[in-house]
Amino acid sequence: MRFKLSARYLTCCALFLVCAVALLPYLGISAWAQAVPASETVNASPVPGVTSLRKGWMTVQLLGGLALFLYGMDHLAGALRVLAGAKLRLFLGKMTRNRFVAVVSGAAITALLQSSSVTTVLVVGFVSAGLMTLQQSIAVIMGANVGSTLTAQIIAFQINEIAPALIAAGFAAMFFIKTENWAQLGRAVLGLGLLFFGMGMMGDAMEPLRHYQPFITTMAQMTNPVLGIAIAALFTALVQSSAATTGIVIVLAGQGLLSLDTGIALIFGANIGTCVTALLGTIGKNREALRTAIAHVTFNVIGVLIWLPLIPVLADIVRDITPDHVAVLAGGVAQEDIARQIANAHSIFNILNVVLMIGAVPLMARAIKRIVPDHARPDSALDAQPKYLNNDMINTPAAALAVMKQEVLHMGDIVRDMASQGRHCLLHHDARHLQGIVEQDAGVDGLQEAIVAYAVRLRHEDAAPVDRARLEELVAVANNLEAIGDIVSKELADLLTRLTRLGREPDRETTDGLVTLYRDAETAFQAALHALADEDGPRAEALIAGKAAFSARLDHMQLVIAEKVGNSEEDVKLYRLEISVIERIHRLFTRTRRIARNALHLAENKPSLSGPAPTISAEVAD
């Protein structure tokens, strides 16, 4: 509730800003804008009605428009994430297939998230978690570049006149319709309205430049495409949004301040500058993540280098396929729609790059692996530190749940190793291993705390109902794993210590029976982890249905032990300890069945990522 109130508060503030900016000319602020100091006034060309540029006012209007543009993009993307939750999970699941499907999935995800930067950050996280190979990540990044062209196409419509209507309609849907999907749809419409309103503000801020001769002369002289690429790349890297650069380029083009060739060069630069986000996302990640970011840079830079000498050719192609529009202010005379042409050039550039380079993905992956070799000593799989929780994915719950599941499986690996050591201690009555199990349990407790903290952050993000259900199931698995760790490290270890102190050990038949029961529970636990990793419903159902058979074996073992009880006090104490061991084995199996039930629920909700998880792919050697 607190998060929703905050979102509403920010929305109200944004709407207040919109109204304030719209009303400023009527509140006497225009007088301030006209009364700028002489140092801020620049003489313009002798055009009737235009004597000076109000630089301070133009700067405020431009920055305010850019802020509203980015805020609207954020609202639009956030709403689409929720509305497309199930479809987003579907596309995430397909990313690990062949490179062609990965390209389509990357394009679809970027279209849904309205940000290629977010997609590349997700890809870096998946590669770090071992959910995706380098080749697959390169294909997804190629698709992300194609998906980002949808944003440019939306921006190129420049329907600034209906922006207030979109804002009003979206606001009404958000605040007066209780249905979540309609409220999110309203949020998307509101974001779209703010986006176009910001575009209009930026256009109004730049409109006087159409008659400012020094600016016109400067733009006319900017014929060097390398300079345009460098400027756009630097700006995109600073704001970390290629959409912002694209929006400004289209606004300038819409005002007639940019030629098509110059606009194409600036779009090329935006494609390079957006790679900075992926590079920043690799900080603190493994070598595979760094390779993915380098692949992103390599693909975009090669694409620009291919087309750099062909900018005039691309411009001619775009002019041929983009229809002219009829400008009312021009007396109904058809003229070039440079804004639409730039958007089309952006699409053609990225689509043809994918067509040209999709076949070279394996070669590119091998070359990058040589540039960034593996570490000499890979990280231990049983290091009891969070390995996969990625804060960069919090804003995309479907993706965050994928890496959260990997962390839960990592925790399961450690608990499985603890259970194996517990069986060794039970078989050999070896108390020396107990301290190591206790130390591992401290790491398990830390992992559980990290997973729960991550889940709490996810609960405060917009998520589809099915993703909220998956979140609860994964938290439940982490809790059950922590409980199994306690059973082995605290309760079972305590019983084995008490057996040692008693000076009496179970006979060979009893020991073999207890170890067999323990092994059965341990085998079921391993199967439950595999069912969880693969989200294998039938395997989970089989484990759940095995309760009666396991209980029958427990009861038989209890009878065998009871028949051997002697009359001495030590015999009674030994009996009670042996029965307590059986009870702990029973509780271990009960927690295992709960994990199997969680896996079954996840399987019923459809997996967010396909394929087995690599962290538990190897069987335990017995």
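### Side note on the overall build of the protein
Then comes step 1: Helix and strand counts for the protein stand at 26 helices and four strands.
Then comes step 2: Looking at the protein as a whole, 51% of its 622 residues are labelled buried.
Then comes step 3: About 27900 Å² of surface is accessible on the protein, with carbon and sulfur atoms providing 60% of the total.

### Details of the side chain of glutamine 440
Then comes step 1: You can see glutamine 440 is positioned in helix α21 (residues 434–459).
Then comes step 2: A polar contact of 2.9 Å, which involves the side chain of glutamine 440, links it to the side chain of aspartate 417.
Then comes step 3: Within polar-contact distance, the side chain of glutamine 440 engages the side chain of glutamine 421 at 2.9 Å.

### Notes on the environment of glutamate 535
Then comes step 1: Residue position: glutamate 535 is located in the loop between α23 (508–534) and α24 (537–545).
Then comes step 2: Classification of glutamate 535 as buried rests on a relative accessible area of 8%.
Then comes step 3: In this structure the C-alpha to C-alpha distance between glutamate 535 and alanine 599, which are 64 residues apart in sequence, comes to 5.7 Å.

### Considerations on the confidence of the model for the protein
Then comes step 1: In this model, the protein carries a mean pLDDT of 77, and residues with pLDDT of at least 70 account for 79%.
Then comes step 2: Helix α2 (residues 29–34) is the least confidently modelled element of the protein, averaging 38 in pLDDT, while α24 averages 92, the highest of any element.
Then comes step 3: Confidence drops under pLDDT 50 across residues 1–51; counting only partners more than four residues distant or on other chains, this segment forms 56 contacts.
Then comes step 4: In this model, residues 326–334 is a region of pLDDT below 50 whose contacts with residues beyond four sequence positions or in other chains number ten contacts.

### Considering the pattern of salt bridges
Then comes step 1: Evaluation of the coordinates by the stated rule reveals 16 salt bridges.
Then comes step 2: Across the pair arginine 508 and aspartate 512 runs a salt bridge, and its minimum N-O distance is 3.4 Å. Highlighted residues: arginine 508 and aspartate 512, both in helix α23, separated by four residues, approximately one helical turn.
Then comes step 3: Classification of arginine 508 as exposed rests on a relative accessible area of 54%.
Then comes step 4: By relative accessible area, which is 36% here, aspartate 512 ends up partly exposed.
Then comes step 5: One connected set of salt bridges, linked through shared partners, spans Asp261, Asp316 and Arg319.

### Here we look at a nonpolar patch on the surface
Then comes step 1: Side chains of Leu83, Phe176, Ile177, Trp182 and Leu185 sit close together on the surface and give an oily, nonpolar patch of about 510 Å² of accessible area.
Then comes step 2: For leucine 185, a relative accessible area of 39% corresponds to the partly exposed category.

### Structural notes on the environment of isoleucine 414
Then comes step 1: Along the chain, the position of isoleucine 414 falls in helix α20 (residues 397–428).
Then comes step 2: C-alpha separation for the pair isoleucine 414 and valine 444, spaced 30 residues apart in sequence, amounts to 7.3 Å.

### Quick notes on helix α19 (residues 361–371)
Then comes step 1: For α19, the set of buried residues is Val361, Pro362, Met364, Ala365 and Ile368. Viewed along the axis of α19, the buried residues span an arc of 160°, placing them on a single side of the element. For α19, exposure combined with an orientation more than 90 degrees from the buried face picks out Leu363 and Arg370.
Then comes step 2: Each element contacted by the buried residues of α19 is listed here: α5 (99–113), α7 (134–147), α16 (287–307) and α18 (338–357).

### Notes on the nonpolar core
Then comes step 1: Among the nonpolar cores identified, the biggest contains 100 residues, and Phe126, Ile138, Met142, Met404 and Leu481 are the most heavily contacted of them.
Then comes step 2: Among residues more than four places away in sequence, those in contact with leucine 481 are Val408, Met411, Gly412, Val415, Val444, Phe525, Leu529 and Ile595.
Then comes step 3: Of all hydrophobic cores here, the second largest spans 53 residues; its members include Phe196, Leu257, Phe268 and Ile338.

### Examining empty space enclosed by the protein
Then comes step 1: Scanning all chains against the criterion turns up three cavities of 30 Å³ or more.
Then comes step 2: Size it by volume and the largest cavity reaches roughly 60 Å³.
Then comes step 3: Taken together, Ser116, Asn145, Ser148, Ser242, Thr246, Ala270, Asn271, Thr274 and His346 make up the lining of the largest cavity.
Then comes step 4: Counting residues per element, the ones that place at least two in the lining of the largest cavity are α13 (242–254) and α14 (260–273).

### Quick word on the packing of α16 against α18
Pairs of packed helices are described in terms of their axes, by the angle between the two and the distance that separates them.
Then comes step 1: It is at 10 Å that the axes of α16 and α18 come closest, and there the two elements cross at 105°. The angle between the axes of α16 and α18 places the two elements in the roughly perpendicular class. Facing Phe299, Ile302, Gly303, Val304, Ile306 and Trp307 of α16, the residues of α18 in contact are Phe349, Leu352, Asn353, Val354, Leu356 and Met357.
Then comes step 2: Of the residues assigned to the contact of α16 with α18, the class counts are ten nonpolar, two polar and no charged.

### Section: the environment of valine 318
Then comes step 1: In this structure, valine 318 sits in helix α17 (residues 311–321).
Then comes step 2: According to the relative accessible area criterion, valine 318 is buried, its value standing at 0%.
Then comes step 3: For the pair valine 318 and alanine 345, spaced 27 residues apart in the sequence, the C-alpha separation amounts to 6.0 Å.
Then comes step 4: Discounting residues that sit within four places of it in the chain, valine 318 has contacts with Gln341, Asn344, Ala345 and Ile348.

### Digging into the packing of α13 against α14
Then comes step 1: Put simply, α13 and α14 touch, their axes get as near as 9 Å, and they point 170° apart. Relative to α14, the element α13 lies roughly antiparallel. For the pair α13 and α14, contact is made by Ser242, Thr245, Thr246 and Val249 and by Gly263, Leu266, Ile267 and Ala270, respectively.
Then comes step 2: Along the lines of polarity and charge, the residues of the contact of α13 with α14 split into four nonpolar, four polar and no charged.

What counts and what doesn't
- Residues numbered from 1 in each chain as written.
- Predicted model: local features only at pLDDT ≥ 70, side-chain atom pairs only at ≥ 80, totals over all residues.
- Heavy atoms only, no water.
- Helix = DSSP H or I, 4+ residues; strand = E, 2+ residues; numbered from the N terminus.
- Buried < 20%, exposed > 50% of the residue type's maximum accessible area, 1.4 Å probe, protein only.
- Areas by Shrake-Rupley, 256 points an atom, 1.4 Å probe, with all protein chains shown as cover.
- Polar contact = N/O pair within 3.5 Å; in protein donor to acceptor, adjacent residues only side chain to side chain.
- pLDDT = per-residue confidence, 0-100.
- Contact = heavy atoms within 4.5 Å.
- Salt bridge = Lys/Arg side-chain N within 4 Å of Asp/Glu carboxyl O.
- Patch = residues over 30% accessible without salt bridge, like charges linked within 9 Å, V, L, I, M, F, W, Y side chains within 5 Å.
- Arc of directions from axis to C-beta.
- Core = buried A, V, L, I, M, F, W, Y, C linked by side-chain atoms within 4.5 Å.
- 1 Å grid on protein atoms, 1.4 Å probe; cavity = no way out; pocket = protein on both sides within 12 Å on 5 of 7 lines; lining within 4 Å.
- Points joined across faces, edges and corners; volume = space filled by probe spheres on them.
- Axes fitted to C-alpha atoms, helices over the stretch in contact; angles between N-to-C directions.
- Parallel < 35°, antiparallel > 145°, perpendicular 65-115°, else oblique.
- Nonpolar A, V, L, I, M, F, W, Y, C, P; charged D, E, K, R; others polar.

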